[in-house]
Amino acid sequence: MKKILVTGGTGYIGSHTIVELLENDREVVAVDDFSNSKEDVIEKIKKITGKDFKFYNVDYLKKEKIEKIFQENEIDAVINFAGYKAVAESIKEPLKYYKNNVCGAINLLEVMQEHGVKKFVFSSSATVYGNQNCSKYTENMERGHASSPYGTTKIMIEKILEDLYFSDNTWNIAILRYFNPVGAHESGLIGENPQGIPNNLMPFIMKVANKEIDCLNIFGNDYKETKDGTCARDFLHVVDLAKGHIKALEKLDKEKNGIFVYNLGTGNPYTVQEMVETFKKVNNVDVPYKYAPRRSGDLPIFYSDPTKAKEELNWTAEKTIEDMCKDSWNFVVKNKNN
Ligand code: UD1
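I will try to describe carefully the structure that is included in this document. Worth saying up front: this structure is predicted, and the values here are computed from it rather than measured.

With respect to the helices and strands, histidine 185 occurs in the loop between strand S8 (180-182) and helix H7 (201-209). Histidine 185 sits in the buried class, given a relative accessible area of 10%. Side-chain polar atoms of histidine 185 contact the side chain of serine 187, separated by 2.7 Å. In this view, histidine 185 contacts His16, Val19, Ile48, Ile190 and Val239; residues no more than four positions away in its chain are not counted.

Okay, structure coming up:
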């Protein structure tokens, strides 16, 4: 059976997607350079699924090493998760982000083209919509201006993929725009484990609940647009998100060629305050917080219209906000000594 190449395979979303691929009897080859993940994720994925897969410790900027993987394996499709994703860091070090995310994607696409592999799933982000003064985002809206170099790399790669398809319409591409992924696999073996002080909400809540950080700052409680004055986001469970990739691959298997864009979100926004209260309640832990000034660049409310993914991929997020909070905490509890 031809294999699915997963770049960034030991990262947060990559690892959960490999679990789903293996559970759907797909053969997997994974690549990662552990720049933001740990080697033990490989064994954990094997433990969860009881299945094996080939792994290469490779930086995807090293084109000759990617070529070797294509020579050694019969690749059917590539899912590209490799990429840096820390918004604040990208503002401080833009060249690092453009080089890694954009050049890495181009390397991959070049090697794919040389080997006649034209099925590509790209890990994009809702950040590509930018600030358009609206709250619910549909795929046919124009891309906006991203608020960071990280977001701009996603916009640039989406554009590269469109131009590539325009130049050669035998390509078969799915662009998946994620909203706010949270949660962890229910086994507690894999999840999100950022080093240092996290920027995103759920990793921060987890560190406060685990007493590694004293207090959560809730950035802004005076937003008129939301029910309790704190920002609202379309949080979705990472396992639902991973399943969206399987559905996207199935779509590409059926279509033979095209370029398809899908929002992956629940379509139901929850506020920061609701997230914190739910986390405390379902896990019976304390999460001390205080209200702090608004964070620059934050939109009051931002969520998906997930209709297209439902109609064309037969994908809907199934897990609840309670599942997201429970599974995130379970991952912390199970990994306390690591
Ligand atoms: C952020 C990025 C986005 C990226 C996404 C990845 C910004 C402006 N946007 O989205 O480009 O694709 O992460 O998941 O950084 N919050 C607090 N206290 C905290 C942390 C967050 O109140 O300590 C609030 C934020 O103000 C925001 C909400 O929680 O209202 C969600 O924040 P976050 O998890 O960083 O996600 P986004 O800002 O939506």
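The immediate surroundings of the ligand are formed by 18 residues, with Leu201, Asn217, Arg233, Arg295 and Asp298 found nearest. The separation between an oxygen atom of the ligand and a polar side-chain atom of threonine 127 is 3.2 Å. Within the backbone of asparagine 217, one N or O atom sits 2.7 Å away from a nitrogen atom of the ligand. The protein chains hide 88% of the 740 Å² of surface that the ligand would expose on its own. Listing elements by their share of the shell around the ligand, those giving two or more residues are H7 and strand S9 (216-219). The leading source of residues in the shell around the ligand is S9, at 4 residues.

Attention shifts here to the environment of serine 15. By the element assignment, serine 15 lies in helix H1 (residues 12-23). In sequence terms serine 15 and isoleucine 45 are 30 residues apart; their C-alpha atoms lie 7.0 Å from each other. When neighbours within four sequence positions are excluded, serine 15 is seen to be in contact with Gly9, Thr10, Val41, Ile45 and Ile190.

Here we come to the sheet that holds strand S3 (residues 54-57). Spatially, the 7 strands line up as an open sheet ordered S3-S2-S1-S4-S5-S7-S12, and their pairing is parallel. On the outer flanks of this sheet lie S3 and strand S12 (258-264), each paired with one strand and no other. Pairwise comparison of adjacent strand axes, ignoring direction, gives a mean angle of 15° for this sheet. Two elements, strand S1 (residues 3-7) and strand S2 (residues 27-32), share 5 bridges in a ladder whose sense is parallel.

What follows is about the sheet that holds strand S15 (residues 301-304). Ordered in space as S6-S15-S10-S13, the 4 strands form an open sheet in which the pairing is mixed. The open sheet terminates on both sides in strands that have one partner only, identified here as strand S6 (136-137) and strand S13 (270-271).

With respect to the element layout, tyrosine 129 can be found in the loop between strand S5 (119-125) and S6. Judged by relative accessible area, tyrosine 129 falls into the buried class, the value being 0%. Those residues in contact with tyrosine 129 that lie beyond four places of it in its chain are Tyr137, Thr138, Glu139, Met141, Glu142, Arg143, Gly144, Arg177, Phe179 and Asn263.

Before going further, it helps to examine the nonpolar core. Nonpolar side chains in soluble globular proteins generally cluster together in the buried interior. In terms of nonpolar packing, the biggest core is built from 39 residues, with Ile18, Leu21, Phe53 and Leu176 touching the most fellow members. Broken down by element, this core gets its largest block of residues, 7 residues, from helix H8 (residues 238-255). In contact with isoleucine 18, other than residues within four places in its own chain, are Val6, Gly9, Val28, Ala30, Ile45 and Phe53. Formed by 29 residues, the second largest nonpolar core is a distinct cluster that contains Leu5, Phe70, Ala105 and Phe122.

Here the structure, examined in full by the defined rule, presents 24 salt bridges. Taking the shortest distance from any N to any O, the salt bridge between aspartate 222 and arginine 294 comes out at 3.0 Å. On the criterion of sequence distance, the pair formed by aspartate 222 in the loop between S9 and strand S10 (232-233) and arginine 294 in the loop between strand S14 (289-292) and S15 is long-range, its members being 72 residues apart. On the basis of relative accessibility, which here comes to 43%, the residue aspartate 222 falls in the partly exposed class. Look at arginine 294 and you get partly exposed, because its relative accessible area is 44%. A single salt-bridge network, built from bridges that share partners, covers Arg26, Asp76, Lys119 and Asp253.

Next up on the list: helix H11 (residues 321-334). In this model H11 runs 20 Å from its N-terminal to its C-terminal C-alpha over 14 residues, within 8% of the 20 Å that 1.5 Å per residue would give. Considered for burial, the residues of H11 that qualify are Ile321, Met324, Cys325, Asp327, Ser328, Trp329, Asn330, Phe331 and Val332. Next to the buried residues of H11 lie S8, H7, strand S11 (235-237), S13 and helix H9 (272-283).

Running from amino to carboxyl end, helix H3 (residues 63-72) crosses helix H5 (residues 94-114) at an angle of 40°, the nearest separation of the two axes being 10 Å. In terms of orientation, H3 lies oblique with respect to H5. Crossing hand, H3 versus H5: right-handed. Here Lys63, Ile66, Glu67 and Phe70 of H3 lie close against H5, whose contacting residues are Asn107, Leu108, Glu110, Val111, Met112 and Glu114. Partitioning the contact of H3 with H5 into residue classes produces 5 nonpolar, 1 polar and 4 charged.

Criteria and cut-off values
- Residues numbered from 1 in each chain as written.
- Predicted model: local features only at pLDDT ≥ 70, side-chain atom pairs only at ≥ 80, totals over all residues.
- Heavy atoms only, no water.
- Helix = DSSP H or I, 4+ residues; strand = E, 2+ residues; numbered from the N terminus.
- Buried < 20%, exposed > 50% of the residue type's maximum accessible area, 1.4 Å probe, protein only.
- Polar contact = N/O pair within 3.5 Å; in protein donor to acceptor, adjacent residues only side chain to side chain.
- Contact = heavy atoms within 4.5 Å.
- Near = heavy atom within 4 Å.
- Areas by Shrake-Rupley, 256 points an atom, 1.4 Å probe, with all protein chains shown as cover.
- Pairing = 2+ DSSP bridges.
- Axes fitted to C-alpha atoms, helices over the stretch in contact; angles between N-to-C directions.
- Core = buried A, V, L, I, M, F, W, Y, C linked by side-chain atoms within 4.5 Å.
- Salt bridge = Lys/Arg side-chain N within 4 Å of Asp/Glu carboxyl O.
- Expected span 1.5 Å × (residues − 1).
- Parallel < 35°, antiparallel > 145°, perpendicular 65-115°, else oblique.
- Left-handed = near helix turned anticlockwise from the far one by under 90°.
- Nonpolar A, V, L, I, M, F, W, Y, C, P; charged D, E, K, R; others polar.

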